[in-house]
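Analysis of the macromolecular model
Chain by chain, the residues:
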Amino acid sequence: MLANNTAVVIEGVNKHFANTKALRNLSATIQYGQLTGIAGPDGAGKTTLMRILTGLLEPNAGHATVAGFDVVNNNEAIHVVTGYMPQRFGLYEDLTVMENMRLYARLRGMNVAEHTELFAELLEFTRLGPFTERLAGKLSGGMKQKLGLACALMARPKVLLLDEPAVGVDPVSRQDLWRMVQALTDEGMAVVWSTAYLDEAERCDTVLLLNEGQLVFQGPPEELTNRLVGRSFRLENVGAERRAVLAEVLNLPSVSDGVIQGAAVRAVLRKDAQVNELQQLANRVQATIQEVPPRFEDAFIDLLGGGPGGTSALAERLPKVELASNIAVSCKHLTKRFGDFTATNNVSFEVQKGEIFGLLGPNGAGKSTTFKMLCGLMKPTAGEAHVVGLDLRKATGAAKGQLGYMAQKFSLYGLLSVKQNLEFSAGVYGLSGAKQRQRIAEMIKGFALEPWLNSSPDSLPLGFKQRLALACAVMHQPPVLFLDEPTSGVDPITRREFWTHINGLARKGVTIMVTTHFMDEAEYCDRVALLHRSELIALDTPDALKRSAITEQCPDPTMEDAFIYLVEAADLADDLKKQGGV
Amino acid sequence: MTKQSSSFSIVRLRAQFIKEVFSVLRDPRSRMVIFAPPLLQLLIFAFAATLEVSNVELAVYNQDSGRWSQELVMRLDHADFVSNIHYVGKSSDLQRLINEGKVIAGIQVPIDFSRQITAGASGQLQVLIDGRRSNSGQITFGYLSAIVADISAEVQAEQSQITPVVVRHWFNPNLNYRWFIVPGLSGILAFFSALMITSLSIARERELGTFDQLLVSPTSTAEIIISKSLPALAIGTLLGLLMIAAAVFLFQIPFSGSFWLLLISIVLFILSVVGIGLMISAISSTQQQAILGAFAIGVPAVLMSGFATPVENMPMILQALAQAIPLTHFLVIVQGSFLKALTPSDILANVWPLLVIAVVSLTLATLFVRRRLE
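Residues numbered from 1 in each chain as written. Chains lettered and ligands numbered in written order. Predicted model: local features only at pLDDT ≥ 70, side-chain atom pairs only at ≥ 80, totals over all residues.

**A look at the overall build of chain A**
- Of the regular secondary structure elements, chain A holds 21 helices and 24 strands.
- Judged by the C-alpha coordinates and their principal axes, chain A covers about 70 × 65 × 55 Å.
- For chain A, buried positions account for 51% of its 582 residues.
- Sequence-distant contacts in chain A: of pairs separated by 6 or more residues, those separated by 24 or more amount to 71%. (Helix = DSSP H or I, 4+ residues; strand = E, 2+ residues; numbered from the N terminus. Buried ≥ 20, exposed ≤ 12 C-beta atoms within 10 Å, placed from the backbone. Contact = placed C-beta atoms within 7 Å.)

Okay, here's the thing in C-alpha cells:
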C-alpha cells in the first residue's frame, strides 16, 4: 500500500454540454499529502472537472476514480470520502456559524453530541471560535470561506476539493486559507485547489494547468517555470516613461511577453532569442537591465505562444485629452453611511490627468462604495466628488458625459448584436448622425470587431467581449475612465491585451480609475489608494508601498506582501488606540 | 464642453427605445411569453371559467307514486344540467350521497305530493343542498325551483288561467355567460402581460449589470422611464386589441360601443399598468423579486377589480382601494362597450382615474429609480 499514494486517477475524460466541449480527453493523477492546483482561465474546464470528481456530473467518455472508488459506479462512496467546497459554498445565511456546522454534521449522518471535540477542533483551526453565534450571512467573504471549509472537513474526507476558494477573499484571509490547507496536506489529505489566479497555482505542490478543456501541463509549477530561466529580465527605474518603454519592449520581435512592475518593466524573451535587442533598448532609455527569476504566469503565457504586441490600435486613433485643470478626479472628505454603518469614512484624494489610479482593499473595506460615489452611482452622505471639475451631485448629466465606465461583468446587451450595442452606447452618450457612424467605425477598426458585427455579444470569445465592453465605454472619448475589477476571471493573455489598451489610453492623457483584486495589476498603477475598514490607510506609488513593507523577514516584498503588511499594521494601530482610549 | 448636459435628448431616448424593443422582441422566449399564453388563456378560460352549473348528479327519494311525482322525476331526468340521477329507497341514503360528495342535491318527494297538488294545494318537496359547494348549490336550487314552478304552472293551467310573469334580461337576453366573461378576461390578461413585461424590465438590467451602465451615462431617469414605458405600452395595447378582436370575431360577442373610445381607454389603461409595473421593477433588485412583486400586486388587483364579485358588495375602505386599481375602471369600460354601448360621458368618468393612476405611478417609478442612487 505504501507504494500507492495515488488519490485520484483521471483517464481519458471527455465532457461536453450541448456544443461546447468542456473537457477534452483529460488524463491525470492526484497524490495524497499534496496540494494540487487545478489552474486555468474561466471556461478552461476547472469546475467541470471538480464536479466530475465529486460525482455531481457524469463524464461522456473515460472514467475517474477517487480514493479507489469509481465516480460513476460508486457514487455513494464518493460522497463519503470527499469533501467539496463549491465556488459559492452552500451556507445557509439565516443560520449561525454553529447551526451551519451542526446541520452539515447531521447531513453527514453524524451524532452532533458525540462530536463536541471535533467541533472545537474545527473552530480552533478556522479561528471562527469567537463568531459561533453570528449569522453566516453577516460574515465577511474570507470568514464565509473558512466556515465552508470547516463544513467540508466535517466528515474527515480523504480528498478535499476546493473550487476557487480564494475568489472574493482578500490577501489577509487568503493567507489564512493557505495555512489551513498546508496543515491538512501535512496530515496526508489530498487537497485540490482550483484557481484562475496563476500566482496561487505557483504555491501548489503540483499543478494541472487547463486551457480550453485540455491539460496543457501537469507537474510541479517550478518545472514549467524553470523553462523560462535565463529568459526573464527587468528594466529597472524606467520611471515616468515606463508605459512608452513597455510598448516598445512588447513590439520587439525577440520579446514574447512583458508587464509593468511599479517603476520597472518586466520582459520575457522568446525561446532561443538573444537579449541584445532588449539590452540596446535599455541603454537607449538609460535603464539598468537585470535578470530575474521567472514566474508561473509568464510560463503559462509562453506555453500558449506569448502575449499580444504593445501597440493599442484603439489609443492610436484617439485624440489627446485636453483639460482645463490638471486635476481629473478629486474627492474631499467623502463619507457614506448606511444606517449606523459607515462604508466610507472621510476619504480625500486628487488624481492627476493621465494618471492610472488604483483602489485596493480587503472585502468590505469600502472600496466599491467609494468607487460608486466617484462615478455617480451613489450619492455621498457627506463630502464631495468631482470629475473634471464638475460636481457629481449638482451637474450630474454634464459630469457623467465626461466619464466612461466599464463594469466587472461586461454589461452588454445579449439580445442586441455587437453593432447595435455600439449604436446604443453611442446613442445614450448623445452621439448621432455622421459623428456616431465615424466613432463606431473607429471602434470597429481599433478593436478588429468587423467579423462579429452581427453576432450576439454572448457568443463572442472572452477577449472580444472585453474589447466590445471597452469600446462601449470609450466611444464618447471620455477624459476619465472608470474600471470596476475589469479583468476578474479573464485569462492572462486577454488581460495583457486589455492593459496594452489602458496604457495606450493613459499615454493619450485619459485618466484611469481602477479597482482590482489582482496584486500584479496594481503594479500598472501610478498610485494606489489602499482602503481598510472604510478608511484610506495608504496612498502612494506601488514601489513606495512595497518599500514601506520591508522587514527583516521580508527584504523584497511583493505587492501582496505590502498589502498584508499595511492592513495588519493598521489593525495593530487601531487596537493600540482602543487600548489607550480605555 | 459638449451639449450633452441637457436633461432631455431625443438621440439618447431613441437609442434606448431601440434597445428596449429589441430586448423584448429578439428573445424568442419572451416573445412566446408575451403573446402566446394570454391568447391561449383567453380561449381556455372562456370555456372553463363559467358560473353556469352543468353535469350535476342528483339523488331522488320518491315516496309518492302519483302522477305529479312521476312528472317531476321525468323532467329532472331530461333537464340539460343533470347528468345522472340516483334513485334511493331511504332518506339516510340521500344524506350519505351528499356527504360523499356524489350528488350536489337530494330531493325527497313526500308520500302525499301528488294528492296535495291534485287537491289544489301547493305540493311540498324537501331539497337537501350541499352547502360546501354553496354557489353551485344555490344555482342548482334555482334550476330545481324553475322546474317545480313549471309543473305547478301546468297544474294551474289545467285548473284555471293565470298568466305567469315573464322575465326579460336586458343587454344579454339569453344570459350567455361568455358574453360577460370574455371582455373582462381580455382586460385581465392584458393587465397581467403588461405588468410582467414592465416589472421585469429594470430588474433584468440590474441583474445583468447594464443598469449601472445606464446610470453612469448622461441619460436622465425620466428618459429611462419613458424609453421603458413606450415599447411595453405598444405591446400591451396590441395584445388588448387582439383579444378584443377575438371576442368580436371568434366568440361573436356583440360590440355595441365606440371602438375609438375603447382604443383610447386601452392605451390609458395599459399606461397606468406600465407605471405600476415599473414601480415594482424600480424597487426590485432581482427578476425573482420583481415576479413576486407583480403577483403580490396583480392577484389582489384582479380579485378586487369587480370581475368576480361586484365592487359595491365590498366594505367601504376596500371600495376606495379598488378605485386605485386600473382594472376596476377598465372592466366597466370594456364590458359596457361590448354589451350596452356605454355613453362617452360614462367612459370619461372611468378614463380620468386611469390617467391619474398612470401619472402618479410613472412619477413614483422615476423617483424610486432616482432614490436607489442615494
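**Topic: the nonpolar core**
- A:Ala471, A:Ile512 and A:Met513 are the most contacted members of the largest nonpolar core, which has 246 residues in total.
- Here the element with the most residues in this core is helix α7 (residues 177-208) of chain B; it accounts for 16 residues.
- Counting residues in hydrophobic clusters, the runner-up holds 19 residues, among them B:Ala59, B:Ile107, B:Phe113 and B:Ile117. (Core = buried A, V, L, I, M, F, W, Y, C linked by C-beta atoms within 7 Å.)

**Side note on the packing of helix α9 (residues 242-251) of chain A against helix α18 (residues 492-507) of chain A**
Residue and element names in this part refer to chain A.
- For the pair α9 and α18, the least separation of the axes is 10 Å and the interaxial angle reads 135°. With respect to their mutual orientation, α9 and α18 come out oblique. When the axes of α9 and α18 are compared, the crossing they make is left-handed. Here Arg 243, Ala 244, Leu 246 and Ala 247 of α9 come into contact with α18, specifically with Asn 503, Ala 506 and Arg 507.
- For the contact of α9 with α18, the residue count by class is 4 nonpolar, 1 polar and 2 charged. (Axes fitted to C-alpha atoms, helices over the stretch in contact; angles between N-to-C directions. Parallel < 35°, antiparallel > 145°, perpendicular 65-115°, else oblique. Left-handed = near helix turned anticlockwise from the far one by under 90°. Nonpolar A, V, L, I, M, F, W, Y, C, P; charged D, E, K, R; others polar.)

**Regarding the environment of A:Leu416**
- Mapping A:Leu416 onto the fold places it in the loop between β20 (403-406) and α15 (418-428).
- For A:Leu416 and A:Val528, which are 112 residues apart along the polypeptide, the C-alpha to C-alpha distance reads 37 Å.
- A:Leu416 has contacts with A:Asn421, A:Phe424, B:Lys19 and B:Phe22, leaving out every residue within four places of it along the chain.

**Details of helix α16 (residues 433-446) of chain A**
All names here are of chain A.
- The first and last C-alpha atoms of α16 sit 20 Å apart over 14 residues, in line with the 20 Å expected at 1.5 Å per residue.
- Buried residues along α16 sit in contact with α12 (313-317), α15 and α17 (462-474).
- In the segment just after α16, Ala 448 is the residue with positive phi, at about 50°. (Expected span 1.5 Å × (residues − 1).)

**Observations regarding the environment of A:Gly354**
Residue and element names in this part refer to chain A.
- Here Gly 354 shows up in the loop between β16 (341-352) and β17 (356-360).
- Judged by local crowding, Gly 354 falls into the buried class, with 21 C-beta atoms found within 10 Å.
- Put simply, Gly 354 and Gly 427 are 73 residues apart on the chain and 26 Å apart in space, counted from C-alpha to C-alpha.
- Not counting residues within four places of it along the chain, the set of residues in contact with Gly 354 comprises Ala 506, Gly 509, Val 510 and Thr 511.

**Structural notes on the interface of chain B and chain A**
- Every contact between the two is made by 29 residues of chain B and, on the other side, 26 residues of chain A.
- Every element with two or more residues in the side of chain B that touches chain A is listed here: α1 (10-25) and α8 (210-216) of chain B.
- In terms of residue count, α1(B) provides more of the side of chain B that touches chain A than any other element does, 8 residues in total.

**Observations regarding the domain arrangement of chain A**
Residues and elements named next belong to chain A.
- Taken domain by domain, chain A comprises domain 1 (6-219), domain 2 (226-310), domain 3 (312-402 + 480-582) and domain 4 (408-477).
- One C-alpha centre belongs to domain 1, the other to domain 3, and the line joining them spans 33 Å.
- Between domain 1 and domain 3, the residue contacts involve 13 residues of the former and 12 residues of the latter.
- The dominant element in the side of domain 1 that touches domain 3, judged by the number of residues it contributes, is helix α6 (residues 171-186), at 3 residues.
- Of the residues in the side of domain 1 that touches domain 3, the class split is 5 nonpolar, 5 polar and 3 charged. (Domains from an automatic or database assignment.)

**Quick look at the confidence of the model for chain B**
All names here are of chain B.
- Across chain B, pLDDT averages 84, with 90% of residues at or above 70.
- For chain B, per-element mean pLDDT is lowest for helix α6 (residues 134-159), which scores 76, and highest for helix α10 (residues 259-283), which scores 94.
- Note that pLDDT drops below 50 for residues 1-5; the model gives that stretch 11 contacts with residues more than four away or on any other chain.
- Interface confidence in the predicted complex, given as ipTM, is 0.75; pTM for the same model is 0.79. (pLDDT = per-residue confidence, 0-100.)

**Focus: the sheet that holds strand β23 (residues 527-532) of chain A**
Residue and element names in this part refer to chain A.
- Taken together, 6 strands build an open sheet; the order of strands is β20-β21-β22-β17-β23-β24 and the sheet is mixed. Only two strands of the sheet have a single partner each, and these edge strands are β20 and β24 (535-540). Going across the sheet, the axis of each strand differs from the next one's by a mean of 15°, ignoring polarity.
- Pairing geometry for β20 and strand β21 (residues 480-484), over 4 bridges, is parallel. In the strand pairing of β21, Leu 403 is matched with Val 480. (Pairing = 2+ DSSP bridges.)

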